[in-house]
Amino acid sequence: MLGVKRLYVYILQTFVPVFFMTFAISLFIILMQFLWKYVEDMVGKGLETHVLAELFTYAALSLVPMALPLAILLASLMTFGNLGERYELLAIKAAGISLLKAMRPLIILMVLICVGAFFFQNNVIPKINVKLRSLMISVRQKSPELDIPEGSFYSGIENYNIFVKTKDKETGTLRDVMIYDVSKGFDNMAVIVCDSAKMKMSSNKDYLQLNLFYGQQFSNFKQSGLDNTSAARNDKFVPYSRENFKERQVIIPFDANFNRMDESSMDGTQIAKNASQLRASIDSLSIIVDSLNINDRKVMLNYTYLSYRNNYQTDTTKLKEANNTSFAYSLDSVMNSLSPSEKTSVYTDAMSRAEANKNDFMFRSISKIDTQKKIRQHNVELQRKFTLSFACLVFFFIGAPLGAIIRKGGLGMPVVVSVILFIIYYIIDNLGYKMARDGVWAVWQGVWLSSFILFPLGVFITYKAINDSALFNADAYRNYYVKVFGDRSLMTVEELYSNFNKRAKDALKAFAVFVVVSAVHMVTKGFISSTFSILQWISGILYLFLLIEIFFTRQEFYSRLKEKIEMSGIILNFTIGIPFYFVLYFSQRNKMKKLLLSKQEQKITINI
């Protein structure tokens, strides 16, 4: 018992430093991706160091849910890979300790990490998201740092375009300056040209002061403060004024300060709420949607002609009055009693009312669609509170057994395998997230898609590692394939023909299942439709696989009889033959049967 405890401590001492190292590396790599994505929003803004440090801190904390599963996968893979490479895992198994028992302390640690990850995702991430989003918006809205280039127009100042031919770096003097001022509209544009200018920022960084020397200003009369009504009426002639100056001061509004966005403006969004707040918001939004649906039904009952409108419960007094004064009438007979002009008037009035009702319903549906979108967004955010913890557990049960099977430590093979698995997870997770966000799939299906796909993989790898199965042994899979489909090289011609018939019938069964499942998938919706979509993919892939197996069986059959398969037959088999193979099957079977009978007759003749 004491030895087992020492083993547990040793495994923990081996895993924990590797985990912290891989977590730091993973977080740094993902943070560099964040920097690469938003570098254009930060460069050239003159941001202070503490603002950048705050931004990167919030970004790093918000990226923990992405870095944590990758770190667990890589750390568990490296830890058990090192144990296997140093034959320590072999010694553990020789001592009668199973792999699952050796993983026990790490399983307990993973459970604690998963619980901590949930509380971090639920309580910390909402606050971090609000601070990060508000800070990023503030950074994007900040004016770029003023740096006017030489020899080209600078449009970084709103409503102004400035051209500077040369700059004196010692004195800061601008030479041959041209300014286009459109602050009062393009039609009232003013152009200022001067020999030199000096520029400085105000003390509170609210405006830019330009001191211009020896120049001219061109502007129309309206811009210059003058007015000429007779000329203003002539569109073909735009009067302007020219003003010479020796020295002039121009004040340009330019806010160079860093103004933080108010974080309270984002408190109502789904990213700023924990699980209980998200549930409360979903309930309140669902009540709003229900009230909108009830209101729409009432509007449709009052303003539309429906054959089943009597099924709705309305005022009982009105129903009694209607029953007492009811009379039978036919809409066709009423219309036939009208004159053609009256019919046209009635139809026109009906069409205008129908169009008005249609526009009214479309306007009502906008608020309903927006509310339903908010419900989906809240549901997605609620489900993602739990997926991080489950993903960490799944990645551990993939990495640890896989490391025990690969038996390679270090940063070589484990890094390659981890990156490949994480990329697959990331792609599937983003696909499911977008499907859930856009309402294509149910929210829980889209958000949990990556976990549902990787969980069976973790169970399979763990089972293989516990039973010391050869997971990466190609011969084992080849032997299993031969066991199921047989070895064509060892079959006789008769056995090849029999195998062809058997696989062709299996392919036709798979195709029939594919057709039925596709039809059900088209007529159903929601979870049932998604389930049949998966069955559709499985049956379709199985059908194509059987077609390939049939093709190689036929090829082996013809090569044994020293016959050639025509290229047109191959093209036909993999084009038209895919959806209509049940037609090709009979012709191929009859042709192969004739060749087999002719060979048997030749054998009989030779024997005689």
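Because the structure is a prediction, the values reported are computed rather than measured. (Residues numbered from 1 in each chain as written. Predicted model: local features only at pLDDT ≥ 70, side-chain atom pairs only at ≥ 80, totals over all residues. Heavy atoms only, no water.)

A. View of the overall build of the protein. Each helix and strand counted, the protein has 20 helices and six strands in total. Burial statistics for the protein: of 608 residues in total, 36% are counted as buried. Taking the contacts inside the protein whose residues are at least 6 apart along the sequence as the reference set, 70% of them involve residues at least 24 apart. (Helix = DSSP H or I, 4+ residues; strand = E, 2+ residues; numbered from the N terminus. Buried < 20%, exposed > 50% of the residue type's maximum accessible area, 1.4 Å probe, protein only. Contact = heavy atoms within 4.5 Å.)

B. Spotlight on the pattern of salt bridges. With the rule as written, the count across this model stands at seven salt bridges. Its salt-bridge partner being Asp438, residue Arg437 comes within 3.2 Å of it at the nearest N-O pair. Note on Asp438: relative accessible area 47%, which makes it partly exposed. With its nearest N and O atoms 3.0 Å apart, the salt bridge here joins Arg560 to Glu556. Of this pair, Arg560 and Glu556 are both found in helix H18 (residues 526–560), four residues apart, which corresponds to roughly one turn of the helix. (Salt bridge = Lys/Arg side-chain N within 4 Å of Asp/Glu carboxyl O.)

C. Region of interest: helix H15 (residues 449–466). For H15, which comprises 18 residues, the first-to-last C-alpha distance of 26 Å matches the rise-based estimate of 26 Å (1.5 Å per residue) to within 8%. Among all positions of H15, only Leu449, Ser450, Ser451, Leu454, Gly458, Ile461, Thr462, Lys464 and Ala465 are buried. Mapping the buried residues of H15 onto a view down its axis gives an arc of 165°, with all of them on the same face. Of the residues flanking the end of H15, it is Asp468, one or two places downstream, whose phi is positive at about 55°. (Expected span 1.5 Å × (residues − 1). Arc of directions from axis to C-beta.)

D. Quick look at the sheet that holds strand E4 (residues 190–201). What the six strands build is an open sheet, ordered E1-E2-E3-E4-E5-E6; its pairing is antiparallel. The open sheet has two edge strands, strand E1 (153–154) and strand E6 (240–253), and neither has a second partner. The pairing of E1 with strand E2 (residues 160–167) spans two bridges and is classified as antiparallel. The residue bridging Tyr154 from the neighbouring strand is Ile162, located in E2. (Pairing = 2+ DSSP bridges.)

E. Main features of a nonpolar patch on the surface. Together, Met21, Ile25, Phe28, Ile29 and Met32 line one region of the surface with nonpolar side chains, adding up to about 450 Å² of accessible area. Relative to the elements of secondary structure, Phe28 occurs in helix H1 (residues 2–42). The class for Phe28 is exposed, based on a relative accessible area of 51%. (Patch = residues over 30% accessible without salt bridge, like charges linked within 9 Å, V, L, I, M, F, W, Y side chains within 5 Å. Areas by Shrake-Rupley, 256 points an atom, 1.4 Å probe, with all protein chains shown as cover.)

F. Broad picture of the environment of Arg364. Turning to its location among the elements, Arg364 is positioned in helix H12 (residues 340–406). Of the residues examined, Arg364 reaches a relative accessible area of 24% and is grouped as partly exposed. Along the sequence, Arg364 and Asn295 sit 69 residues apart, while their C-alpha atoms lie 9.7 Å from each other.

G. Here's a closer look at the pairing of strand E3 (residues 173–181). Sheet analysis places E2 next to E3, joined by seven bridges and oriented antiparallel. Across the sheet, residue Lys167 finds its bridge partner in E3, namely Leu174. Taking the residues that link successive antiparallel strands as the turn, the E2-E3 hairpin has five residues, and the phi of Gly172 there is positive, at about 75°. Note that E3 and E4 share eight bridges and pair antiparallel. Among the inter-strand pairings, Asp181 is bridged to a residue of E4, identified as Ala190.

H. Examining the packing of aromatic side chains more closely. Across all of its chains, the model carries 20 aromatic pairs by this definition. Taking 6.3 Å as the distance between ring centres and 70° as the angle between the ring planes, the aromatic pair formed by Trp444 and Phe452 counts as edge-to-face. For Phe452, a relative accessible area of 45% gives the class partly exposed. Plain terms: the ring middles of Phe511 and Tyr543 are 5.0 Å apart, the flat faces sit at 40° to each other, and that makes the pair tilted. Residue Phe511 is located in helix H17 (residues 493–523), and its partner Tyr543 is located in helix H18; the two are separated by 32 residues in the primary sequence. (Phe/Tyr/Trp six-rings, centres within 6.5 Å; stacked < 30°, edge-to-face > 60°.)

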